[in-house]
Amino acid sequence: MADMAAFQDAITAWAAGGPGGPAGELAGRVGARTAVLVEGPSDLAAVGTLAARHGRDLAGDGVCVVSMGGAMNIARYAELLGPPGLGLRLTGLCDANEQGFYERGLDRAGAPREGFFVCVADLEEELIRALGVARVVEIVRAEGDLPAWQTFVRQPAHQGRPAEGQLRRFLGTKKGRKIRYGHLLVQALAPGQEPAPLRDLLAAV
């Protein structure tokens, strides 16, 4: 686990312009075979939580989940981790409105487009839809965030919007909240309730 975390850190440093040697060395040490590319840390938290719920040891299976820091970084990560770089199998999640970035980035790296699973808006929206608004608000209440939520929905800018959209926007209004709820919402899913993109991703690795 520590080696896989070090591998993730080495990939991030490499993508930022650092040397690739440490990532290459660690890839062999951890037996890396697949890189799961996700947009940000909340997606990473959700994937890790679902894997744990299903008794999966992703690191032990040679699977590294990588937060790219934005969809527009897909080309860089695909080149480093895919056929031109470490030669890992690439898979991951993307949002529908960013699918074009992914396709162009994967094509540029000579990596297959298959294995990337598309969320309608984003993973938070998929989780809110799967659980239902009432259940998500229960979780917000249990986490002590209900007063903040009630203040949020009273703001003129958010009135009149569908509740699913309000919740999705609320989760992104405070640093760290999306990450925390990425974990909590996945934990709250009943068996068989997992959104299709997340379920299919886990089945593919």
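Predicted model, so just to flag it, every value in this text is computed and none were measured.

A. Expanded view of helix α5 (residues 99-109). Among all positions in α5, only Y102, G105, L106 and A109 are buried. All buried residues of α5 fall inside an arc of 95 degrees around its axis, so they share one side. Those residues of α5 that are exposed and angled more than 90 degrees off the buried face are R104 and R108. Residues of α5 that are buried make contact with α4 (74-81), β3 (89-95) and β4 (116-119). Two residues or fewer past α5, G110 is found with a positive phi of approximately 70 degrees.

B. Geometry of the pattern of salt bridges. Counted by the stated rule, this structure contains 14 salt bridges. A salt bridge links R168 to D122; the nearest nitrogen and oxygen atoms lie 2.8 Å apart. Taken as a pair, R168 in helix α9 (residues 163-171) and D122 in the loop between β4 and α6 (123-131) lie far apart in primary sequence, 46 residues in all. Through salt bridges with shared partners, one network takes in D3, E25 and R29.

C. Looking closely at the sheet that holds strand β2 (residues 63-67). Overall, parallel pairing links the 4 strands, which are arranged β2-β1-β3-β4 in an open sheet. With one partner strand each, in any of the chains shown, β2 and β4 form the two edges of the open sheet. Shown here is a sheet whose adjacent strand axes are inclined to one another by a mean of 15 degrees, direction ignored. For strand β1 (residues 34-38) and β3, the ladder comprises 4 bridges, and the chain directions are parallel. Looking across to β3, one finds that L37 is bridged to G92. Across the face of the sheet, helix α3 (residues 41-53) comes into contact with β1, β2 and β3 while running at roughly 155 degrees to β2.

Each value, and the rule that gives it
- Residues numbered from 1 in each chain as written.
- Predicted model: local features only at pLDDT ≥ 70, side-chain atom pairs only at ≥ 80, totals over all residues.
- Heavy atoms only, no water.
- Buried < 20%, exposed > 50% of the residue type's maximum accessible area, 1.4 Å probe, protein only.
- Helix = DSSP H or I, 4+ residues; strand = E, 2+ residues; numbered from the N terminus.
- Arc of directions from axis to C-beta.
- Contact = heavy atoms within 4.5 Å.
- Salt bridge = Lys/Arg side-chain N within 4 Å of Asp/Glu carboxyl O.
- Pairing = 2+ DSSP bridges.
- Axes fitted to C-alpha atoms, helices over the stretch in contact; angles between N-to-C directions.

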